[in-house]
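Next come the chains, spelled out residue by residue.
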Amino acid sequence: MQVAESRVRFPWFDWRAIWRDLVFSLRSLVRARGFAVTAVLTLALGMFLTVTVWLFSAWTMTSSSSYPHPEEVYAIGFTTKDSTDFAPYQIAPQLQAYRKQLDVFAEYAAITNQSCNVVFDREPVASSVGRMVEGSFKTLGLIPSLGRAFLPEEYRPGGDDVVILSAQFWKEHLHSDPAVLNRTITIDERICRIVGVFSEKQDYPIFFYAGVYRPWVPVLDPAKPYEWPMMTLARLRKGVTAEQAGLALQHVKLDLSPDFLKWLNQERTSLRKPNQTYRPEVFHLLFGAALFLFAISCLNTVNLMLVRVLGRSREFSIRLAVGGTQAQVIRLIAMEATIIALAAGMVAFVAMGLFAPRVLALWTGYANYGSLWGAWIAHECLAVLVVVAAVLLAAT
């Protein structure tokens, strides 16, 4: 009696009819394979691109705070008289001068990424080599999961023939061999010993990822002081503000040639939070473009749905003629839209798990996008896109 009453008051919640319509919708989509596959792949492509770009933007804007006490750490860079864009680079003479003349910073981290000839087991390997100055691992909280960090004596001339591998390099070229320690790798014809491997879960600040890490012992050439620009981070000393540190940077004296100093004086050294070294509006624009692509994929699928609905006008007329209601027809269309959106979401989910971390790793060289994709917020983003797509398709 209650079931019959609910059917009268709430025809949309007639569970038997809903199940019958669901089975009918699935069979209908199976019969229209061409339409179903095209609609699902079109939506899935839009979802895949949107979430991939979102992951890249989210990592870029948040990865810079992966080290201890990020509120104390600033990037040292410069702006020019002609532009306010911040360039997060310094040269070795500047870093040496800061260490000698300033007491506003407690510690530093700096890296220069170099293109080197890397050979392992007599096979050339494509990889970037990050040369890091002493103290960088401590500042950034980088701890190898296998082996050890660099020792102080390895930051001296002749002692730098040691390397630490990223998890991606270890996995791709050494097949995650646990006996990797003390094996050798050749970098620019210098034989280096492997002393450590970072975990796959290790987070790196932006600009600080490399396949292979070596200690950096700067050998300065007075004729080329600008050689090997470095991404430089500094941790403020307790009680020092960013404004005080920025003012102190303006009074550093560099022992360089007058011609180079004249050129360098056109720049203004300043501080900025590491996650602000990229202009946020660039990523907002990029994510907006991805949303636009998702909207296009939705519109294309809506057009396909509209053509399909118009082509079924005779079927719906017969259903109405034999006692069906307009609400039942709408429910049938909404079910097909929901099935297509859910199927597209599942395809996008599988594609993201299989391809997105690899694509982003190839794009940026960073290996840990898989952990970001595993975060609940990435799944939530995909779920929102599925709901939006279902609503838009049902609205046809």
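Everything quoted here is computed from the prediction, not taken from an experiment. Per-chain numbering applies: the sequence of each chain, read as written, is numbered from 1 onward. A pLDDT threshold of at least 70 governs which residues receive local features in this predicted model, and a stricter bar of 80 or more applies before side-chain atom pairs are shown or counted, although totals over entire chains, interfaces and linings include all residues. Note that the side-chain values use all heavy atoms of the structure and ignore hydrogens as well as water.

Q: Go over the overall build of the protein, please, and point to the residues and values.
A: The helix and strand inventory of the protein stands at 13 helices and 13 strands. Think of it in three bands: residues with accessible area under 20% of the maximum for their type are buried, residues over 50% are exposed, and the middle band is partly exposed, with areas taken using a 1.4 Å probe on protein chains only. Burial status across the protein gives 46% buried among its 396 residues. A contact between two residues is defined here by any heavy atoms of the two lying within 4.5 Å. Within the protein, residue pairs in contact and separated by at least 24 positions form 79% of the contacts whose partners lie at least 6 positions apart. Of the accessible surface of the protein, which amounts to about 21,300 Å², a share of 62% is contributed by carbon and sulfur atoms. Secondary structure elements are taken from DSSP: a helix is a run of H or I of four residues or more, a strand is a run of E of two residues or more, and numbering for both begins at the N terminus. Using a 1.4 Å probe, the Shrake-Rupley method yields the accessible areas, and only the shown protein chains count as cover for residues.

Q: Just give me the short version of the pattern of salt bridges, but keep the residues and values in it.
A: Here a salt bridge means any side-chain nitrogen of Lys or Arg lying within 4 Å of a carboxyl oxygen belonging to Asp or Glu. Counting across every chain of the model gives 16 salt bridges. Here E107 makes a salt bridge to K138, at a shortest N to O gap of 3.9 Å. Of this pair, E107 sits in strand β3 (residues 105-115) while K138 sits in helix α5 (residues 136-140); the two residues are 31 residues apart in sequence, bridging distant segments of the chain. For K138, a relative accessible area of 65% puts it in the exposed group. Between D160 and R190 there is a salt bridge whose closest N-O contact spans 3.3 Å. A residue pair is termed long-range when its members are at least 10 positions apart, and D160 in the loop between β7 (146-147) and β8 (162-165) and R190 in strand β10 (residues 190-197) qualify at 30 residues. Residue classification places D160 among the buried positions, given a relative accessible area of 5%. With a relative accessible area of 35%, R190 lands in the partly exposed category. Through salt bridges with shared partners, a single network forms among E72, E107, K138, R235 and K238.

Note that every value here comes from positions in space, so none of it alone points to a role or purpose.
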